[in-house]
Structures are given as C-alpha cells and as structure tokens.
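# Structural overview
Here's the letter readout for the chains.
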Amino acid sequence: MNAGSTARVTDRRTSLLAAGVLLAMTATWGSTFFLIKDLLDRVPTLDFLAVRFAIAGVVMLLVAPRAVLRLSAASRRRAVVLGGVYGVAQILQTAGLAHTAASVSGFITGMYVVLTPVLAALLLRTRTTPLTWAAVALATGGLAVLTLDGVAIGYGEAITLVSAVLYALHIVGLGAWSNAREALGISIVQLLVIAVICLVATAPDGIVLPPTPADWLSVVYMALVAGALALIGQTWAQAHLPPTRTAIIMSMEPVFAAFFAVLLGGESVTLRMVSGGLMVLAAMLVVEALPRRKVEGEVQHLVV
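So, about the overall build of the protein chain. Broken down by element type, the protein chain carries 14 helices and zero strands. Each helix and strand of the protein chain, ordered N terminal to C terminal, gives the series α-α-α-α-α-α-α-α-α-α-α-α-α-α. Pairs at least 24 residues apart make up 91% of the contacts formed inside the protein chain by residues separated by at least 6 positions. For the protein chain, the exposed area adds up to about 13800 Å²; of that, 70% sits on carbon and sulfur atoms.

In structure tokens, the structure reads:
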C-alpha cells in the first residue's frame with residue numbers, strides 16, 4: 001500500500017470515528033429530553049440553562065485551564081462568537097417554545113438540517129451533491145413525520161426559525177474554525193459564553209435553583225455529560241467532518257429522544273415514531289455511504 005492509499009485509509013477511519021463521536025453526542029442529547037421535561041416543572045427554562053452551562057463551563061475550566069491559555073487570540077475570538085451564536089439560539093428557541101407547541105418547535109428547530117448546507121454554500125463556498133440534498137430532504141421528512149402534528153406561522157414559529165438559522169450557523173462556523181488540537185479550549189470558552197448569556201437573560205427575575213438532590217443530579221449529568229463532553233466531542237468531530245454531514249447525523253437527536261422516552265420515560269411506541277425514525281436513520285446511512293470528496297466544508301473562508 002503506497003503512502004497515498006495509507007493516508008486515505010487513515011482519513012476514512014478518522015472520519016468514521018468522528019461520525020461515531022457525533023452520533024454518541026447526539027444520543028446523550030436525546031437522553032436528556034425526558035429529564036428536562038420533568039425538571040422544567042420546577043425550574044424555569046432559562047434558569048436551568050444558566051445553571052447547566054455555568055456548571056459545565058466552570059468545571060471544565062478548573063479541570064483544563066491550560067487548554068484555554070493555549071488558544072491563539074484568533075481561536076479565542078472565534079470561540080466567543082460561536083458561544084454567542086449558540087447561546088442566543090438557546091434563548092430564542094426557549095422563547096419560541098412559550099408561544100408554540102413542543103412538536104412544532106422540535107420540527108422547526110430541526111430545520112437546521114436544511115439550513116446548514118445552504119449556509120455552507122453561501123459562507124464556505126462548498127458544493128453539495130444531489131445525493132446529499134436527497135439525504136437532507138429525507139431527514140427533514142423524517143423529522144416532520146416524527147414530530148409534526150400541524151403548524152401555523154406566528155411569532156413563536158418565527159423566532160424558533162431564527163434559532164434554527166443560528167444553530168445551522170454554529171455548525172457551519174464550528175466546521176470552518178475547529179481543529180482537533182484546540183477542541184477542548186474552544187469548547188470551554190463556548191460553554192462559558194453560553195453560561196454568561198443565559199445568566200444575563202434570567203438574572204432580572206432572579207435565578208431559581210433545582211430544589212431536590214435528584215434534580216441536581218439530573219442537572220449535573222446534563223451539564224457534564226450532555227453539555228461539556230458533548231460539546232467537546234462535537235468540536236473535535238467537526239474538525240474532521242463537513243457541516244452538512246454533521247447536520248444530518250445530528251438530526252438523529254429526536255430519534256434518540258423518542259427511544260429514551262419509550263425505554264426510560266414510559267411512553268408508547270407509535271407508527272409515526274418508527275416511520276419517522278427510520279427515515280432519519282436512512283438519511284444518515286445514505287450520507288455515510290457517500291464517497292468522500294474534498295468538496296464540502298474543507299476549504300475555510302470564514303475569518304474573524
């Protein structure tokens with residue numbers, strides 16, 4: 001095997017590992033839905049987000065302060081921008097949820113699957129193949145089957161759509177700016193920025209803390225496993241994956257959410273749940289089976 005073939009095999013293995021990390025991260029996000037649903041009966045959403053990301057950011061900073069110190073000035077600026085985009089998206093999604101059904105919010109938020117390749121084409125000058133667009137359409141259809149009972153466009157839906165644009169922008173920006181060596185430091189800065197934004201948003205009304213040890217245990221799990229470790233995994237994985245492929249893999253989140261809701265939350269399996277989940281899974285398998293070409297997300301044009 002010549003050097004070129006060896007490099008291609010190594011790249012392919014790294015790419016598959018990155019996809020596996022991203023899928024595991026998405027599974028941890030999906031595992032939090034039934035926990036969050038229960039917790040939000042006692043703790044307001046923004047308060048929960050502020051506490052969650054504050055714990056995640058502070059703990060990771062204490063564990064690995066040198067990772068932040070090693071960041072270049074440019075990487076710090078980029079991490080602040082990415083954290084800001086994600087933090088504002090969280091707040092807008094939360095505000096939208098107060099004015100629209102949860103199922104509609106979930107579908108509109110999932111539209112980042114479609115918006116990611118569009119923004120990648122505009123900002124990174126990437127090309128998306130017809131088969132990839134077919135996978136995007138299949139994933140979107142699966143999300144609709146899985147989550148949607150009906151939708152009317154109003155204030156809640158509009159600001160939720162803005163949050164979906166910001167989530168897509170975060171995926172594109174992370175794909176353009178992340179690298180494996182600085183993944184930990186970039187993730188820590190993002191977590192701290194998200195925490196600050198959520199704290200500022202909720203501070204005027206005071207911060208409500210989780211009332212029971214069980215609630216604190218849930219928050220700590222969501223902060224450290226589904227928060228810090230998941231964002232580190234996403235940041236590292238996106239150093240090796242193009243944005244559109246990332247978005248399609250991440251569309252598995254509501255599938256995992258349905259799986260854990262049935263397994264641990266006591267919900268019943270429905271035909272819509274199975275059909276929508278299989279459509280999203282098929283979209284992910286299609287995009288994973290595509291031959292890898294240097295056309296998507298590998299040339300980075302965003303500069304901050």
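Keep in mind that most residues, glycine aside, have a negative phi and that most peptide bonds are trans. For Arg 125, which is not glycine, the phi dihedral falls at a positive 60 degrees. Relative to the helices and strands, Arg 125 resides in the loop between helix H7 (112-124) and helix H8 (130-147).

Evaluated as defined, the whole model comprises three salt bridges. Close ionic contact of Arg 42 with Asp 38 constitutes a salt bridge, the shortest N to O distance being 2.8 Å. As a salt-bridge pair, Glu 182 and Arg 181 come within 3.9 Å of each other at their nearest N and O atoms. Residue Arg 181 is classed as exposed on the basis of its relative accessible area, which comes to 70%. Beyond isolated ion pairs, a larger network of salt bridges with shared partners links Asp 38, Arg 42 and Asp 215.

Applying the stated criterion across every chain, the model contains three aromatic pairs. On the basis of an interplanar angle of 70 degrees and a centroid distance of 5.5 Å, the ring pair of Tyr 86 and Tyr 167 is categorised as edge-to-face. Placement of Tyr 86 in helix H5 (residues 73-97) and of Tyr 167 in helix H9 (residues 155-177) is noted, with a sequence separation of 81 residues between them. Tyr 167 shares its class with Tyr 86; the two are buried. Seen in terms of ring centroids, Phe 259 and Phe 260 are 5.3 Å apart; in terms of plane orientation they differ by 75 degrees. Their pairing is edge-to-face. When its relative accessible area of 48% is taken as the criterion, Phe 259 is described as partly exposed.

Look at H7 against helix H12 (residues 243-250): their axes get within 9 Å of each other, and the N-to-C directions meet at 170 degrees. With respect to their mutual orientation, H7 and H12 come out roughly antiparallel. Two secondary-structure elements touch here, H7 through Tyr 112, Val 113, Thr 116, Pro 117, Ala 120 and Leu 124 and H12 through Pro 243, Thr 244, Ala 247, Ile 248 and Met 250. Residues belonging to the contact of H7 with H12 are distributed by class as follows: nine nonpolar, two polar and no charged.

Inspection of the secondary structure assignment puts Leu 278 in helix H14 (residues 271-289). Residue class for Leu 278 comes out exposed when judged on its relative accessible area of 52%.

Attention shifts here to the side chain of Ser 75. Residue placement: Ser 75 occurs in helix H5. On the accessibility criterion, Ser 75 (7% relative accessible area) is buried.

Glancing now at the nonpolar core. Counting 78 residues, the largest nonpolar core has Tyr 112 and Ile 248 as its most contacted members. Once residues lying within four places of it in the same chain are set aside, the contact partners of Ile 248 are Val 113, Thr 132, Ala 135, Val 136, Ala 283, Met 284 and Val 287.

Positionally, Trp 29 belongs in helix H1 (residues 3-31). Sequence separation between Trp 29 and Val 225 is 196 residues; the distance between their C-alpha atoms is 8.9 Å. Setting aside residues up to four positions removed in sequence, Trp 29 forms contacts with Tyr 86, Ala 226, Ala 230, Gln 234, Met 250 and Glu 253.

Looking now at the environment of Val 189. Topologically, Val 189 is positioned in helix H10 (residues 183-202). When its relative accessible area of 11% is taken as the criterion, Val 189 is described as buried. Along the sequence, Val 189 and Val 68 sit 121 residues apart, while their C-alpha atoms lie 7.2 Å from each other. With sequence-adjacent residues up to four places away left out, Val 189 is seen in contact with Val 68, Leu 71, Arg 76, Ala 79 and Val 80.

Here the focus is the packing of H8 against H14. Contact pair H8 / H14: the axes reach a minimum separation of 7 Å and the direction vectors enclose 160 degrees. When the axis of H8 is compared with that of H14, the two are roughly antiparallel. Our pair here, H8 against H14, has a crossing hand that is left-handed. Residues Leu 131, Thr 132, Ala 135, Leu 138, Ala 139, Gly 141, Gly 142, Leu 143, Ala 144, Val 145, Leu 146 and Thr 147 of H8 form the contact with H14, whose participating residues are Arg 272, Met 273, Ser 275, Gly 276, Gly 277, Met 279, Val 280, Ala 282, Ala 283, Val 286 and Val 287. Partitioned by chemical class, the residues of the contact of H8 with H14 number 15 nonpolar, seven polar and one charged.

To continue, consider the confidence of the model for the protein chain. Of all residues in the protein chain, 89% have pLDDT values of 70 or greater, and the mean over the chain is 85. Low confidence marks residues 294-301, where pLDDT is under 50. Its contacts with residues over four positions away, or in another chain, come to 22 contacts.

Cut-offs used in this document
- Residues numbered from 1 in each chain as written.
- Predicted model: local features only at pLDDT ≥ 70, side-chain atom pairs only at ≥ 80, totals over all residues.
- Heavy atoms only, no water.
- Helix = DSSP H or I, 4+ residues; strand = E, 2+ residues; numbered from the N terminus.
- Contact = heavy atoms within 4.5 Å.
- Areas by Shrake-Rupley, 256 points an atom, 1.4 Å probe, with all protein chains shown as cover.
- Salt bridge = Lys/Arg side-chain N within 4 Å of Asp/Glu carboxyl O.
- Buried < 20%, exposed > 50% of the residue type's maximum accessible area, 1.4 Å probe, protein only.
- Phe/Tyr/Trp six-rings, centres within 6.5 Å; stacked < 30°, edge-to-face > 60°.
- Axes fitted to C-alpha atoms, helices over the stretch in contact; angles between N-to-C directions.
- Parallel < 35°, antiparallel > 145°, perpendicular 65-115°, else oblique.
- Nonpolar A, V, L, I, M, F, W, Y, C, P; charged D, E, K, R; others polar.
- Core = buried A, V, L, I, M, F, W, Y, C linked by side-chain atoms within 4.5 Å.
- Left-handed = near helix turned anticlockwise from the far one by under 90°.
- pLDDT = per-residue confidence, 0-100.

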